[in-house]
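# Fold and geometry: a report
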Amino acid sequence: MKQYLHKLFTQAFTQLQAQGDIPQDVSVEIHLERTREVRYGDFACNIALVLAKAVGMRPRDLAARFVEQLPSNDPSIAKVEIAGPGFINIFLTSQAYHAVIDEILTTKAVYGRSQLGAGKSVMIEFVSANPTGPLHVGHGRGAAYGAALANLLIVAGFKVHKEYYVNDAGRQMDILATSIWLRYLELCGETVTFPSNAYQGDYVWDIAASLHRQHGDALRHSSAKVFENIPADVDQGGDKEQHIDALIERSQQLLGEVSYQLVFQKGLEIILDDIRRDLEQFGVVYDQWFLESSLLVQTAIDELKAAGHTYERDGALWFRSSEFGDEKDRVLVRDNGQFTYFASDIAYHKNKFERGFDHLINIWGADHHGYVARVKAALMALGADAERLKVLLVQFATLYRGKERLSMSTRSGEFVTLRELREEVGTDAARFFYIQRKSEQHLNFDLELAKSQKNDNPVYYIQYAHARISSVFRLLQEKGLTWEHNSAMLSRLDTDGREQALLLKLSRYPEVIETAAQAYEPHQLTYYLLDLAQNFHTFYDNKQHKVLIEDQELRNARLSLIAAVQQVLRNGLTIIGVSAPEVM
RNA sequence: GCGCCCGUAGCUCAGCCCGGAUAGAGUGUUGGCCUCCGAAGCCAAAGGUCACAGGUUCAAAUCCUGUCGGGCGCGCCA
C-alpha cells in the first residue's frame with residue numbers, strides 16, 4: 001500500500017515538474033508516513049512542507065497542486081485532505097483494507113515477505129563462543145538476536161547463511177586441554193594443585209571422567225614430574241600466566257603429540273557437542289560450523305607482507321593498521337612465533353570475503369568494539385571492500401531476580417549457563433526477553449518477570465491472543481458450525497471501531513518487516529506483535545464483537561478477521577523464535 | 001586521556017537513523033468489568049523541565065556543539 005502511494009506521489013511530482021509548477025532542478029525524496037491518529041487519515045505526506053521554500057509557494061497551496069494530480073477515482077483511496085501547515089492526508093477505503101485479509105488468508109505463512117533483499121546473500125556469524133566451556137547467559141543474547149535477525153532477513157528476501165566460528169586453536173584451548181588432563185590425574189589418584197588460571201568448572205571434571213573411563217590410567221604421569229620446576233602460581237607469589245603456560249608445555253612433553261591431541265580433541269568434541277545441543281534446544285541452528293584450525297593464517301599474513309603492509313619490530317611482526325584508520329598498529333606474529341588471535345581473524349574474514357557473500361554481518365559482544373577498526377583495516381589492506389562487513393555490537397545482559405541483581409561470576413554458580421536460564425524460564429520467554437530491547441541497549445533480564453504467568457509477561461500476552469483465537473475455532477467446530485471466507489462479507493465489519501483498528505494493524509505488518517530488516521532490529525517486531533495482540537484482546541473482550549453469533553455473514557467476516565490476526569501473530573512469532581500455542 | 005554505547009513516566013523501555021500535528025507502551029498505583037466465544041483478559045484515572053546548556057530550523061525527544069551522569073573498550077589476552 002505504502003509503495004503504491006509512493007508511486008502515485010512520484011508521478012504527481014514529475015507531472016508538476018513537467019507543467020512548470022516545480023523547477024526542474026528541484027529533487028526530493030518522498031516520505032509517506034503512517035499517521036498517529038485516525039482523523040489525519042491513514043498516510044500523511046509532508047512533501048509540500050519540504051518543497052515549499054524551493055518552489056516559492058505556500059505549503060498549503062503547493063499541497064493543493066499535488067492533490068489535483070492524484071487520481072480522483074482510485075478504488076483504494078477514499079479521500080485526500082490538506083491539513084495543518086500543509087500535510088497531505090490520505091484516507092484509504094475500507095475496500096483497500098479488506099484486501100489485506102484476502103491477502104493474508106491466501107498467502108498465509110508468506111504474508112509479509114518482502115523483495116527488499118532481492119535475493120542478495122548475507123552471512124551472519126554469531127555467538128562463536130570459545131569451546132572452552134558451556135554457553136552462559138551473555139551468549140544467549142547474541143544467539144537470540146542472531147537467530148531472529150537471520151529469520152527476519154530471510155523473510156525480507158535475503159539468502160542467509162548462518163555460521164559459528166569455532167576457536168579450536170590457540171592458547172585458550174591448550175589451557176582447557178591441560179585443565180582436563182590435571183583433573184584426570186586427580187581421578188587417577190594423583191595430588192594436584194589446580195592452577196588458578198585453569199578452567200575451574202565442573203564440566204572439566206566430567207570430561208576428565210569420561211577420559212578416565214575410556215583410557216584408564218594410560219595417560220597417567222606422576223604429579224611430581226608434572227610440577228617439577230614449574231614457576232609458581234599467583235597464590236604462591238608467582239605469575240599465573242607463566243604458571244599455566246609452563247604446565248601446557250609440560251603436558252605436551254610428557255604426553256607426546258598423539259596423547260596430547262587425544263585429550264585436546266576429547267575436550268573440544270564434548271564441549272562443542274554440548275554447545276550445539278544447547279543452541280538447538282534454544283531453537284538456534286547453523287548452516288556451518290567453521291573451524292579456526294582449517295584456516296590458512298600464514299597465507300593471509302604473507303599476502304599482507306607482500307603488499308608491504310607489515311614490518312618487524314622487537315622480534316614481532318606488525319601490521320600497519322594505523323594506515324587504514326585504526327588508532328595504532330597491531331601485532332600479527334608474536335616474538336615467540338605464535339600467531340595472535342587477530343591474525344586468525346584476518347584469515348577468517350579474508351576467507352569470508354572469498355566465499356562471495358554480498359553482505360557480511362558479525363554479531364559481537366560490546367566488549368569487542370575495539371576490534372572493529374582493526375579487522376576492517378586488515379580487509380582494506382587486502383583490497384576487500386570493508387563496507388560489505390557490518391559489525392553489530394550487542395550490549396551485555398544483566399540478570400535480575402526481581403530487585404536482586406545476580407552475580408554473573410563463574411564462581412557464584414548461580415545462573416551462569418544458558419541452559420540453566422532456559423530450564424528456569426523456558427525457551428519462549430528467554431528468546432523474547434533477549435530481543436525485546438534494541439541490541440545496543442543494556443538489557444536487564446528479570447527472571448521473575450520472564451517466569452511470570454500473569455498479565456505482566458509480554459510473551460504470554462501475545463501467545464494468549466493466538467491461543468484464544470484457536471479456542472474460538474475449536475468452539476466453532478463443537479457447535480457444528482463452519483467458517484467460509486468470503487471477501488464480499490468483509491464489508492460487514494465496522495469501519496471506525498475495533499475491527500478497523502485490527503485491519504489497520506494487520507496492513508502494517510509488511511512495513512514493519514521491511515523497516516526492522518533494514519535496521520537489523522528484530523525488537524521492532526516484538527513491539528508490533530504486542531500492539532497487534534493488544535488490538536485483538538480489546539476487540540475480543542468487547543461484548544459488541546462476539547464472533548460466534550447467529551448472523552452468518554458477520555460471523556464469517558469476523559472469523560476471517562481473527563484468522564488473519566492469528567496468521568500474522570504466528571508469522572511474527574516464528575521470526576523471533578517463539579512458539580505459537582493452540583492452548584496454554 | 002581517547003573511542004564506542006546509553007540518559008524519555010516511580011520502574012523497564014519504544015520513538016531518534018529520515019525533524020512535523022496533543023511524546024507512546026508495559027509494569028507499578030487507584031477505581032471499575034466474569035449468569036456472556038479463555039479474567040494469562042478488558043476499561044478508566046493519575047503519572048513527563050524527553051539529563052543539562054547553547055545552536056540550526058517555519059518546526060527539535062529527533063540534527064550540530066559543549067557539559068554532566070552511567071556502561072564498555074583502549075595488551076606481543078582470547
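Our structure's up above, just so we're on the same page.
Conventions adopted
Residues numbered from 1 in each chain as written. Chains lettered and ligands numbered in written order. Predicted model: local features only at pLDDT ≥ 70, side-chain atom pairs only at ≥ 80, totals over all residues. Heavy atoms only, no water. Phe/Tyr/Trp six-rings, centres within 6.5 Å; stacked < 30°, edge-to-face > 60°. Buried < 20%, exposed > 50% of the residue type's maximum accessible area, 1.4 Å probe, protein only. Helix = DSSP H or I, 4+ residues; strand = E, 2+ residues; numbered from the N terminus. Lys NZ or Arg CZ within 6 Å of the ring centre and 35° of its normal. Contact = heavy atoms within 4.5 Å. Patch = residues over 30% accessible without salt bridge, like charges linked within 9 Å, V, L, I, M, F, W, Y side chains within 5 Å. Areas by Shrake-Rupley, 256 points an atom, 1.4 Å probe, with all protein chains shown as cover. Salt bridge = Lys/Arg side-chain N within 4 Å of Asp/Glu carboxyl O. Lys, Arg positive; Asp, Glu negative; His and termini not counted. Polar contact = N/O pair within 3.5 Å; in protein donor to acceptor, adjacent residues only side chain to side chain. Pairing = 2+ DSSP bridges. Axes fitted to C-alpha atoms, helices over the stretch in contact; angles between N-to-C directions. Parallel < 35°, antiparallel > 145°, perpendicular 65-115°, else oblique. Nonpolar A, V, L, I, M, F, W, Y, C, P; charged D, E, K, R; others polar. Core = buried A, V, L, I, M, F, W, Y, C linked by side-chain atoms within 4.5 Å. Domains from an automatic or database assignment.

This model, assessed by the stated rule, comprises 22 aromatic pairs. Considering the side-chain rings of Y286 and W289, the 5.2 Å spacing of their centres and the 65 degrees angle between planes classify their relative orientation as edge-to-face. In terms of burial, Y286 and W289 fall into one category: buried. Judged by centre distance (5.4 Å) and plane angle (65 degrees), the ring pair of F473 and W483 falls under edge-to-face. Taken together, the positions of F473 in helix α16 (residues 458-478) and W483 in the loop between α16 and α17 (498-518) put the pair ten residues apart, joining distant regions of the chain. Ring pairing ties together the aromatic residues F319, F324, Y341, F342, W364 and Y371, which thus form one cluster. The cationic tip of R374 hangs over the ring face of F342; the distance from NZ or CZ to the ring centre is 6.0 Å.

As for its position among the elements, L211 is in helix α7 (residues 202-215). The buried category is assigned to L211, whose relative accessible area is 0%. When the C-alpha atoms of L211 and N336 are compared, they prove to be 31 Å apart, with 125 residues separating the residues in sequence. Not counting the four nearest positions on each side in its chain, L211 is found in contact with I180, Y184, G216, L219, V263 and K266.

A contiguous nonpolar patch, built from L49, V50 and F87 and spanning about 230 Å² of accessible area, is present on the exposed surface. The residue L49 is located in helix α2 (residues 47-55) in this model.

Let us look at the environment of G157. You can see G157 is positioned in the loop between α5 (137-155) and β6 (159-166). Separated by 37 residues in sequence, G157 and K120 have C-alpha atoms that sit 7.7 Å apart. When residues no more than four places from it in sequence are discounted, the contact partners of G157 are S114, G117, A118, G119 and K120.

What follows covers the side chain of D329. Tracing the sequence through the fold places D329 in the loop between β9 (316-319) and β10 (330-333). Here D329 sits buried without a salt bridge, and the closest side chain of opposite charge, R320, lies 5.5 Å off (N-O distance). In terms of polar contacts, D329 uses its side chain to reach the side chain of S322, at 2.7 Å. In this structure, D329 is in contact with Y311, W318, F319, R320, S321 and S322, ignoring residues within four places of it in sequence.

Moving on to the sheet that holds strand β12 (residues 389-394). One open sheet holds the five strands; their spatial order is β7-β6-β5-β11-β12, and the pairing between them is parallel. Strand pairing shows two members of the sheet lacking a second neighbour, β7 (288-291) and β12, which therefore form its edges. Each neighbouring strand pair of the sheet contributes to a mean axis angle of 25 degrees, computed without reference to strand direction. Contacting β5 (121-125), β6, β11 (359-365) and β12, α5 runs over the sheet at an angle of about 160 degrees to β11.

In this section: the pattern of salt bridges. Inspection of every chain in the model, using the stated rule, returns 25 salt bridges. Between D541 and R468 there is a salt bridge, with its nearest N and O atoms 3.1 Å apart. In this pair, D541 is assigned in helix α18 (residues 523-541) and R468 in helix α16, connecting sequence segments 73 residues apart. One salt bridge in this structure joins D551 and R492, with 2.6 Å as the shortest N-O distance. In this pair, D551 sits in the loop between α18 and α19 (552-576) while R492 sits in the loop between α16 and α17, placing the two residues 59 residues apart along the sequence. Assessed through its relative accessible area of 30%, D551 is described here as partly exposed. Residue R492 is classed as partly exposed on the basis of its relative accessible area of 34%. It is possible to trace a salt-bridge network through shared partners that takes in D274, R277, D278, R419 and R422.

Here the focus is the sheet that holds strand β3 (residues 77-83). Here four strands make up an open sheet; going across it, the order is β1-β2-β4-β3 and the pairing antiparallel. Here the strands that pair on one side only, and so sit at the sheet edges, are β1 (32-34) and β3. Each strand axis lies, on average, 25 degrees off the axis of its neighbour in the sheet, ignoring direction. Relative to strand β2 (residues 43-45), β1 runs antiparallel, the two being bridged by three bridges. Residue L32 lies in a different strand from β2, and its bridge partner there is C45.

This brings us to unusual backbone geometry. Phi angles above zero are rare outside glycine, and N229 is one such case at about 60 degrees. Within the secondary structure, N229 is located in the loop between α8 (223-227) and α9 (240-281). By relative accessible area, N229 is classed as exposed at 70%. Of note, the phi angle at Y520 is positive, near 55 degrees, even though the residue is not glycine. Among the structural elements, Y520 can be located in the loop between α17 and α18.

Here we take up the packing of helix α6 (residues 171-187) against α9. Between two packed helices, what matters for the description is the angle formed by their axes and the separation of those axes. Contact geometry for α6 and α9: axes closest at 6 Å, N-to-C directions at 85 degrees. Relative to α9, α6 is oriented roughly perpendicular. Each residue belonging to the contact of α6 with α9 can be placed in one class, and the counts come to 17 nonpolar, four polar and four charged.

Next up on the list: the nonpolar core. Counting 152 residues, the largest nonpolar core has F9, F66, I124, L153, Y164, L421 and F445 as the members making the most contacts within it. Residue-level mapping places this core at the junction of two domains, with at least three residues from each of domain 1 (2-92) and domain 2 (454-576). When sequence neighbours within four positions are dropped, the list of residues in contact with Y164 reads F126, V127, S128, A129, L135, I275, L279, Y286, Q288, W289 and F290. Formed by 33 residues, the second largest nonpolar core is a distinct cluster that contains V333, L360, A377 and A378.

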